Amino acid sequence: MTASTQPDRSAPRPRRSDATRTAILAAARERFAADGYERATIRAVAADARIDPSMVMRYFGSKEGLFAAAVTLDLRLPDLTRVPREGVGRALVGHFLGLWEGNEELRAVLRVGVTNEAGAERMQGIFREQLLPVARQVCPDPEQAPARAALCAAQLLGLALTRYVLRLPPARTLTREELVAWLGPTVQRYLTAPHP
């Protein structure tokens, strides 16, 4: 074998375990989105990934561990320091509406977050790591940022629950523009108004 025909041993080859883990996570995301946390099973995820259920347990330990690994979400929240101060509420509501539209993973997280401790912990982590820093960018008093961020979350998650999970007809028929017009000023007040 000449030097030009020898295989390149320095380039890492994809490991079979990486492919298996990726297949499990992809199947889990789809299954949790379709069935919700409670109805999704390890067996169903394994069948979707075309592997034995014991492999799912080997990689993730439990259904809760699988869910936590499958729903690492980046909300891609905007840098509100670049938005005019009077427009941060509308910008945040518009951003969340854009995320929720057609995003089954976010809907699954919401479903699980209201019914399961592992899901609630995942939602708390998203709040702490992603939403709270955004509130700190514009909040007039840093000590109030957690409470203000929680009020914003209540509005945004309440909208998501009624529009995308419960699918209440009045919540579903409002246009994006109407939702931004209604909720934007409320979120704005939570973020930037003086303490009542």
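The present account deals with the structure reproduced in this document. (Residues numbered from 1 in each chain as written. Predicted model: local features only at pLDDT ≥ 70, side-chain atom pairs only at ≥ 80, totals over all residues. Heavy atoms only, no water.)

Attention now moves to the overall build of the protein. The helix and strand tally for the protein stands at 10 helices and zero strands. Principal axes of the C-alpha set define a box for the protein whose edges measure 75 × 45 × 30 Å. Within the protein, the proportion of its 196 residues that are buried is 39%. Excluding contacts between residues fewer than 6 apart, the proportion of contacts in the protein whose partners are at least 24 apart in sequence is 66%. Split by element, the accessible area of the protein, about 11400 Å² in all, is 54% carbon and sulfur. Positive and negative side-chain charges in the protein, numbering 27 and 21 respectively, have mean positions lying 3 Å apart. (Helix = DSSP H or I, 4+ residues; strand = E, 2+ residues; numbered from the N terminus. Buried < 20%, exposed > 50% of the residue type's maximum accessible area, 1.4 Å probe, protein only. Contact = heavy atoms within 4.5 Å. Areas by Shrake-Rupley, 256 points an atom, 1.4 Å probe, with all protein chains shown as cover. Lys, Arg positive; Asp, Glu negative; His and termini not counted. Charge placed at Lys NZ, Arg CZ, Asp CG, Glu CD.)

Before going further, it helps to spend a moment on empty space enclosed by the protein. Taken as a whole, this structure holds one cavity of 30 Å³ or more when the rule is applied. A volume near 30 Å³ is recorded for the largest cavity. Together, V93, F96, L97, W100, L156, L159 and Y164 line the largest cavity. For the lining of the largest cavity, the elements supplying multiple residues, two or more each, are α5 (88-100) and α8 (145-165). Among the elements that line the lining of the largest cavity, the one with the most residues is α5, at four residues. The class makeup of the residues in the lining of the largest cavity is seven nonpolar, no polar and no charged. (1 Å grid on protein atoms, 1.4 Å probe; cavity = no way out; pocket = protein on both sides within 12 Å on 5 of 7 lines; lining within 4 Å. Points joined across faces, edges and corners; volume = space filled by probe spheres on them. Nonpolar A, V, L, I, M, F, W, Y, C, P; charged D, E, K, R; others polar.)

So, on to the pattern of salt bridges. Side chains carrying opposite charge are able to pair once their charged atoms draw close together. Overall, the coordinates contain five salt bridges when judged by the stated rule. Among the ionic contacts, a cluster of salt bridges with common partners joins R31, D35, R39 and D48. (Salt bridge = Lys/Arg side-chain N within 4 Å of Asp/Glu carboxyl O.)

What follows is about the packing of helix α2 (residues 42-49) against helix α3 (residues 53-60). In contact at an axis separation of 8 Å, α2 and α3 are set at 105° when each is read in the N-to-C sense. Compared by their axis directions, α2 and α3 come out roughly perpendicular. Facing α2, whose interface residues are I42, R43 and A46, α3 presents P53, V56 and M57. A per-class count over the contact of α2 with α3 returns five nonpolar, no polar and one charged. (Axes fitted to C-alpha atoms, helices over the stretch in contact; angles between N-to-C directions. Parallel < 35°, antiparallel > 145°, perpendicular 65-115°, else oblique.)

Our focus in this paragraph is the packing of aromatic side chains. Taken as a whole and judged by the stated rule, the model has three aromatic pairs. With a centroid separation of 5.0 Å and 85° between ring planes, the pair formed by F32 and F67 is classed as edge-to-face. Of the two residues, F32 sits in helix α1 (residues 16-39) while F67 sits in helix α4 (residues 63-70), which places them 35 residues apart along the sequence. For the pair F32 and F67, a shared accessibility class is recorded, and that class is buried. Ring geometry for W100 versus Y164: centroids 6.0 Å apart, planes at 10°, classification stacked. Here W100 is found in helix α5, whereas its partner Y164 is found in helix α8, with 64 residues between them in sequence. Classification of Y164 as buried rests on a relative accessible area of 5%. In this arrangement the basic side chain of R58 is found over the ring face of Y59, its NZ or CZ atom lying 5.5 Å from the centre. (Phe/Tyr/Trp six-rings, centres within 6.5 Å; stacked < 30°, edge-to-face > 60°. Lys NZ or Arg CZ within 6 Å of the ring centre and 35° of its normal.)

That is the geometry; function is a separate question.
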